[in-house]
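Structure at a glance
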Amino acid sequence: MSKVAHYLQEHLVGEVMTGTDARHYFATDGSILLLDPSLIVYPRGENDVRKTARFSWQLAERGRIIPITPRGSGTNQTGSALSSGIVLVFPAHMNRILELDTKNNTVTVEPGINYAKLQQTLHTHGRFLPPYPASIEYSTLGGAIGENTSGEKSVKYGDTRAYLKALRLVLANGEVIETGRLHKRELSKKLGLATFEGEIYRSVDTLLEEQHELLEQLGRNVRRNNAGYYLSDIKRRDGSFDLTPLIAGSQGTLGIVTEAVLSTEPHNPQITLMMARFDSVEYLQQAIIELTNLHEPPSVIELIDQYVLQQVNELNPNQLKEIIKPPFSAFVLLVEFDNGDRSLKKAVKQATKLLEKYATAVQIETESEQQQQLWKVRESTSMLVANNTGAQRSTPLIDGAVPPERLREYIEGVYGLLKDIGIKPALWGHAGDANLYVQPQLNLNQVGDRQKAFRFLNEYTELVIKLGGTTGSSSSDGRLRTPYLENMYGTELYALLQKLKQIFDPYGTLNPGVKFGTSLDDIKAMLRTDYGLDHLYDHLPRS
Ligand SMILES: Cc1cc2nc3c(=O)[nH]c(=O)nc-3n(C[C@H](O)[C@H](O)[C@H](O)COP(=O)(O)OP(=O)(O)OC[C@H]3O[C@@H](n4cnc5c(N)ncnc54)[C@H](O)[C@@H]3O)c2cc1C
């Protein structure tokens, strides 16, 4: 055991590991990247986290950087939970529901809690947390906060940030703070503190005041943007101030979450599900825009294209046999309404009318069994994501979104790129948020496929930026998308984001390389040649 590991083990209650097998396991996550950590810490409580951060800070003061990376289940697809230093693994011990407040409809959790477990508990109380990702079975709440995760229900309910009410956060120097919305008087107190917390409040407040106009350019005209940091809702017009929204999506680069309070929504299992088929991308775009503009918008608008269906049909002809048959329409849209009351009927009626105007066929299901059948169409993407029959793997490279009115250009542009590069097309995702996925089947052990991967990454990013979109929509930058961040925001805004990072993390001990400090050459050096979903094979990963 190294001196550092030995020192930490003496001071922490949780376990410290340096064995090659543990380091090997944590050298990868859901991304195509690999980075060897020097040691693993399993914190048994906030004190362990605090002490680890303090230790790393003190070393940094003496010029030695040992970075810290918090980690949930490591299912992110951008290398955001990798570290060259210490990985803080939360699911082992810090995984409890601390309080279920049925009066205020909030839940307080530790970051390592499994998302699906929490959701099950909430369901038994007639509640749920809507922005769950497709990886709900095998990811954590800490990871969802780190990424500001969103999912199939986000088109109606929003992202994780919208539900995050308060946090306990360990700062870079080991100080613990509580975040939540502060009124003017409470803010004044914080501004007067002689601690690191006070310094952070003062510096962020000044930054917001001085860079007010520049900051307005941060919002892209998309429904979901997770690139960079979210500075829009810290200070409100009434003078209230809250660091909580900033921490959502910050990927462990500003502080480490040890406790979170989230609000929940009533869970209504009584839904109506519709499946609409389209031959025209123009009609598809128009239908989606009109659906999202309905007075009672759908709770799900998910897209699957014909190429997904064709490939699934080849891999497993039984998967969709009873539900949808070839020849497949160009696009299939799943539209769900979960309004719990009489407004459901009205909403479905309006949606049917507008879908019938644009789609070639519309199917409506109100019974749970038939709905489950329809869901199989969307869930069939897992066949592509998890397919490991040959040497090629479904490679997660992108997660962009564009303004909804540019969805058609986006889809046509992506198909064009894939054709030029020689990658099989297959497109799916959260169409209501104009956030679509392509995970090309590539063998990263082959030079030719590696070149294809980087060409796609570069040209896709150019396309999304040109369309006014974002490179990180349902999840954040990580390492993989960091090289493109400056391009997307421009030099001035990027420098502002760097300033913010500097305020929270002056020595660069908190998850360095994520959001800043990773170039395309770094990415190439970190590329896995044996990419696979080894961490996830207990489940069939949905996408
Ligand atoms: C098949 C598949 C489907 C997916 N579908 C979706 C989807 O629909 N929507 C979506 O948004 N994402 C999706 N993802 C990405 C990923 O699963 C989610 O972002 C998930 O919420 C990450 O949770 P995790 O526990 O695995 O976090 P990790 O990957 O371990 O960590 C994610 C980030 O959070 C930070 N973090 C973790 N714990 C803390 C903490 N305590 N304090 C501060 N920061 C912390 C980490 O440092 C890292 O930067 C998918 C991934 C896969 C493989």
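Throughout what follows, the structure given in this document is the object of discussion. (Residues numbered from 1 in each chain as written. Predicted model: local features only at pLDDT ≥ 70, side-chain atom pairs only at ≥ 80, totals over all residues.)

What to know about the overall build of the chain
Each helix and strand in the chain was counted, giving 20 helices and 19 strands. A globule of 543 residues ought to have a C-alpha radius of gyration of about 24 Å, and the chain, at 23 Å, matches this closely. Principal-axis analysis of the C-alpha atoms gives the chain an extent of 65 × 55 × 45 Å. The buried share of the chain, reckoned over its 543 residues, is 48%. Partitioning the contacts of the chain with sequence separation of at least 6, the portion at a separation of at least 24 is 74%. (Helix = DSSP H or I, 4+ residues; strand = E, 2+ residues; numbered from the N terminus. Rg over C-alpha atoms; globule rule 2.2 N^0.38 Å. Buried ≥ 20, exposed ≤ 12 C-beta atoms within 10 Å, placed from the backbone. Contact = placed C-beta atoms within 7 Å.)

A short note on the packing of helix H11 (residues 281–292) against helix H13 (residues 343–358)
Interhelical geometry of H11 versus H13 gives an angle of 165° and a closest axis separation of 9 Å. Here H13 runs roughly antiparallel to H11, going by the angle between their axes. For the crossing formed where H11 meets H13, the hand is right-handed. Where H11 abuts H13, its residues Tyr283, Gln286, Ala287, Glu290 and Leu291 lie against Ala351, Leu354, Leu355 and Tyr358. The class makeup of the residues in the contact of H11 with H13 is seven nonpolar, one polar and one charged. (Axes fitted to C-alpha atoms, helices over the stretch in contact; angles between N-to-C directions. Parallel < 35°, antiparallel > 145°, perpendicular 65-115°, else oblique. Left-handed = near helix turned anticlockwise from the far one by under 90°. Nonpolar A, V, L, I, M, F, W, Y, C, P; charged D, E, K, R; others polar.)

Observations concerning the site of the ligand
In the vicinity of the ligand there are 39 residues, among which Gly72, Gly142, Gly143, Gly146 and Gly252 approach most closely. Sorting the residues of the shell around the ligand by element identifies strand S3 (68–71), helix H5 (141–147) and strand S10 (256–263) as the ones contributing at least two each. If you tally residues by element for the shell around the ligand, the top one is H5, at five residues. Residues that form the shell around the ligand fall into these classes: eleven nonpolar, 24 polar and four charged. (Near = placed C-beta within 6 Å.)

Section: the sheet that holds strand S8 (residues 164–170)
If you trace the five strands from one edge of the open sheet to the other, you get S5-S6-S10-S8-S9, paired in antiparallel fashion. Among the strands making up the open sheet, the edge pair consists of strand S5 (97–101) and strand S9 (176–179). Across this sheet, the average inter-strand angle for adjacent strands is 10°, counted without regard to direction. Alignment of S8 against S9, held across four bridges, turns out to be antiparallel. When the bridges of S9 are listed, leucine 167 appears paired with threonine 179. (Pairing = 2+ DSSP bridges.)

Here's the deal with the sheet that holds strand S4 (residues 86–89)
The four strands lie next to each other as S1-S2-S4-S3, forming an open sheet whose pairing is mixed. Two strands in the sheet have a free side with no partner beyond their single neighbour: strand S1 (15–17) and S3. Across this sheet, the average inter-strand angle for adjacent strands is 20°, counted without regard to direction. Of the strand pairs in this sheet, S1 and strand S2 (residues 39–42) are connected by three bridges, and their pairing is antiparallel. Paired with glutamate 15 across the two strands is tyrosine 42, which belongs to S2. Across the sheet, helix H3 (residues 46–61) lies against S2, S3 and S4, angled at about 170° from S4, the strand it touches most.

Some details on the packing of helix H8 (residues 196–210) against helix H19 (residues 491–504)
Here H8 crosses H19 at 165°, and the two axes come no closer than 9 Å. The angle between H8 and H19 places the two elements in the roughly antiparallel class. Handedness of the crossing formed by H8 with H19: right-handed. On the side of H8, the interface is formed by Ile200, Ser203, Val204 and Leu207, while H19 contributes Lys499, Leu500, Ile503 and Phe504. Among the residues making up the contact of H8 with H19, the classes are represented as six nonpolar, one polar and one charged.

Brief notes about the pairing of S2
Residues Leu39 and Val41 point to one face of S2 and Ile40 and Tyr42 to the other, with burial holding for every one of them. For S2 and S4, the ladder comprises three bridges, and the chain directions are parallel. Residue pairing in the sheet places leucine 39 in a bridge with isoleucine 86 of S4.

Re the pairing of S10
Summarising burial for S10: seven of the eight residues are buried, a large majority. As defined by bridge partners, strand S6 (residues 106–109) adjoins S10 across four bridges and the pair is classed as antiparallel. Across the sheet, residue valine 107 finds its bridge partner in S10, namely leucine 262.

Brief notes about the nonpolar core
Membership of the largest hydrophobic core comes to 60 residues, with the highest contact counts inside it found for Ala276, Ile301, Leu333, Leu334, Val335 and Val402. If you count residues domain by domain, this core takes at least three from each of domain 3 (272–381) and domain 4 (393–526). Not counting chain neighbours up to four residues away, the residues in contact with alanine 276 comprise Leu333, Val335, Leu355, Ala359 and Val362. The next biggest cluster of nonpolar side chains, apart from the first, holds 59 residues, and it includes Tyr42, Leu122, Tyr201 and Ile234. (Core = buried A, V, L, I, M, F, W, Y, C linked by C-beta atoms within 7 Å. Domains from an automatic or database assignment.)

Section: the environment of serine 476
Relative to the assigned elements, serine 476 resides in the loop between helix H17 (447–466) and helix H18 (485–489). Taking the C-alpha atoms as reference, serine 476 lies 16 Å from threonine 140; in sequence the two are 336 residues apart. Filtering out sequence-adjacent residues up to four positions away, serine 476 remains in contact with Ser80, Glu147, Asn148, Asn226, Gly249 and Gln251.

Re the environment of leucine 262
For leucine 262, the location among the structural elements is in strand S10. In sequence terms leucine 262 and tyrosine 163 are 99 residues apart; their C-alpha atoms lie 5.2 Å from each other. Excluding anything up to four places from it in sequence, leucine 262 contacts Thr106, Val107, Leu129, Tyr163, Leu164 and Lys165.

Details of H11
Taking 1.5 Å per residue, twelve residues should reach 16 Å; H11 reaches 17 Å between its end C-alpha atoms and fits that length. What H11 keeps buried is the set Leu284, Gln285, Ala287, Ile288 and Leu291. All buried residues of H11 fall inside an arc of 165° around its axis, so they share one side. If you follow the buried residues of H11, they end up packed against strand S12 (272–278), strand S13 (300–305), strand S14 (331–337), H13 and helix H16 (407–421). (Expected span 1.5 Å × (residues − 1). Arc of directions from axis to C-beta.)

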